[in-house]
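Per-entry structural report
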Amino acid sequence: MAWRIFLTLIACGSIMACNSDNANAVKVNTTPEPVQSESVEAQTVDDSLSESESESESESESEPEILTQSAPEPECDLESVNLLDFVPWQREEGWWVGEYTFLGADGDPNVSASWPYRYDHYRGFIHLEVIGNSIKQRNVFLYPAKNSSECDSVEDVVGSGICGDNGNEKVFSADQSASDCDGNLSGPFEAFGMTLSTTTTLIGDDTVLYQVRLPDGSFTQNQLTTLPPNDTRVRTAQGFFMGASTYASYYRERKVTKEEFVQLLEETRQEYNILELDYCGYDSGGSPSNVSCDEHFGVALGD
């Protein structure tokens, strides 16, 4: 079903993997304060004020009332925001490799009708680049081959591989920009003819909340990132559709150098027996990406 594909797209892509932008609604008590009934004492006070009006005016002439007004807070200039001023983005910027598990609504590893590969344990490779007030994220996810016993046929694959023998990979992109001067982000995400809104909210120096909402305002993903002070991060995401829980993900990632990133990417491709012609070959929806890995990441990975 199209919505199931859409949910898989969101789960695999959250930045923050699959990181875009939604603030939680704050309930305000709109119940009016009870109106006090007039009392004799209140009427007396009003009468006293009326009788001493001239005296009050005289005093106000000799001792003018000094009015104070608080200065308005300066407006936030989003263009001048430097996200690297914030500890979480200092920690998040760089090259990441991760071990991933993606569960369906029943709690078992997800099974996709359009992407016949394993979700119980797969790997992700992410480059997160901070540029001034914006973040650019580029991912490639690598999936092991489907278990041979579960193959309906050897053609139960995407591309030219063989079911039960060859794994495959998808690319994903996400971009966000500062939404305020506190390090928080927002940005649109296009999927299946819809524009979804994404927000990223910093909660202290070690916690990041990423949310994705549908055009009607309902959320389709809540993702929490925890950043221990050891160049690792742990992300868990909850997926929803029409208010029902549809998936959960568990990502364990560590920061590496670019050289380690390239080496581990190649090692995983060999382990999963991914064909070279499938490298970065498919987008988050499983359609041909029509880009090379260098084009996708914006850098020459071989250098």
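Scroll up for the structure.
Residues numbered from 1 in each chain as written. Predicted model: local features only at pLDDT ≥ 70, side-chain atom pairs only at ≥ 80, totals over all residues. Heavy atoms only, no water.

What follows deals with the pairing of strand β4 (residues 168-178). Among the eleven residues that make up β4, eight are buried, leaving the element largely enclosed by the rest of the structure. Where strand β3 (residues 134-143) meets β4, ten bridges bridge the pair, whose relative direction is antiparallel. Bridging across to β4, Ile-135 finds its partner in Gln-176. One ladder, built from two bridges, connects β4 with strand β5 (residues 185-191); its direction is antiparallel. If you follow Ser-177 over to β5, its bridge partner there is Ser-186. Linking two consecutive strands that pair antiparallel, namely β4 and β5, is a turn of six residues; a positive phi of about 90 degrees is found at Gly-183 within it. (Buried < 20%, exposed > 50% of the residue type's maximum accessible area, 1.4 Å probe, protein only. Helix = DSSP H or I, 4+ residues; strand = E, 2+ residues; numbered from the N terminus. Pairing = 2+ DSSP bridges.)

Moving on, we come to the packing of aromatic side chains. Inspection of every chain in the model, using the stated rule, returns 17 aromatic pairs. What links up through ring pairs into an aromatic cluster is the set Tyr-100, Phe-102, Trp-115, Tyr-117, Tyr-119, Tyr-122, Phe-141, Tyr-143, Tyr-247, Tyr-251 and Tyr-282. Above the plane of the ring of Trp-115 lies Lys-170, whose end atom (NZ or CZ) is 4.7 Å from the centre. Taking NZ or CZ as reference, Arg-269 lies 3.9 Å from the ring centre of Tyr-279, over its face. (Phe/Tyr/Trp six-rings, centres within 6.5 Å; stacked < 30°, edge-to-face > 60°. Lys NZ or Arg CZ within 6 Å of the ring centre and 35° of its normal.)

Attention shifts here to the nonpolar core. Trp-115, Tyr-122 and Tyr-143 are the most contacted members of the largest nonpolar core, which totals 25 residues. Sorting the residues of this core by element identifies β1 (94-104), β2 (122-131), β3, β4, β5, β7 (207-213) and β10 (244-256) as the ones contributing at least two each. (Core = buried A, V, L, I, M, F, W, Y, C linked by side-chain atoms within 4.5 Å.)

Topologically, Thr-198 is positioned in strand β6 (residues 194-202). The class for Thr-198 is buried, based on a relative accessible area of 1%. Spatially, the C-alpha atom of Thr-198 lies 9.5 Å from that of Phe-219, the residues being 21 residues apart in sequence. A polar contact of 2.7 Å, which involves the side chain of Thr-198, links it to the backbone oxygen of Gly-187. (Polar contact = N/O pair within 3.5 Å; in protein donor to acceptor, adjacent residues only side chain to side chain.)

One non-glycine residue with positive phi stands out, namely Asp-231, at about 60 degrees. For Asp-231, the location among the structural elements is in the loop between β8 (219-226) and β9 (232-241). Unusually for a residue other than glycine, Met-242 sits at a positive phi of about 55 degrees. The residue Met-242 is located in the loop between β9 and β10 in this model.

Attention now goes to the pattern of salt bridges. Going through the model one piece at a time under the given rule, you end up with nine salt bridges. Notably, a salt bridge pairs Arg-118 with Asp-120, separated by 3.2 Å at the nearest N-O pair. When its relative accessible area of 26% is taken as the criterion, Arg-118 is described as partly exposed. Under the relative-accessibility criterion, Asp-120 is labelled partly exposed at 24%. We note a salt bridge from Arg-123 to Glu-271, for which the minimum N-O separation is 2.7 Å. In this pair, Arg-123 is assigned in strand β2 and Glu-271 in helix α5 (residues 258-271), connecting sequence segments 148 residues apart. Overall, Arg-123 belongs to the buried group, its relative accessible area being 18%. Where salt bridges share partners, they join Glu-92, Arg-233, Arg-235 and Glu-253 into one cluster. (Salt bridge = Lys/Arg side-chain N within 4 Å of Asp/Glu carboxyl O.)

The subject of this paragraph is the sheet that holds β2. Read around the barrel, ten strands follow the order β1-β2-β3-β4-β5-β6-β7-β8-β9-β10 and close on themselves; strand pairing throughout is antiparallel. Averaged over all neighbouring strand pairs, the angle between strand axes comes to 25 degrees, with direction disregarded. Here β7 pairs with β8 via seven bridges, running antiparallel. By the bridge assignment, Thr-207 is partnered in β8 with Thr-226. Across the face of the sheet, α5 comes into contact with β1, β2, β3, β4 and β10 while running at roughly 155 degrees to β2. (Axes fitted to C-alpha atoms, helices over the stretch in contact; angles between N-to-C directions. Contact = heavy atoms within 4.5 Å.)

So, to be careful, I would describe these as geometric facts and stop short of saying anything about function.
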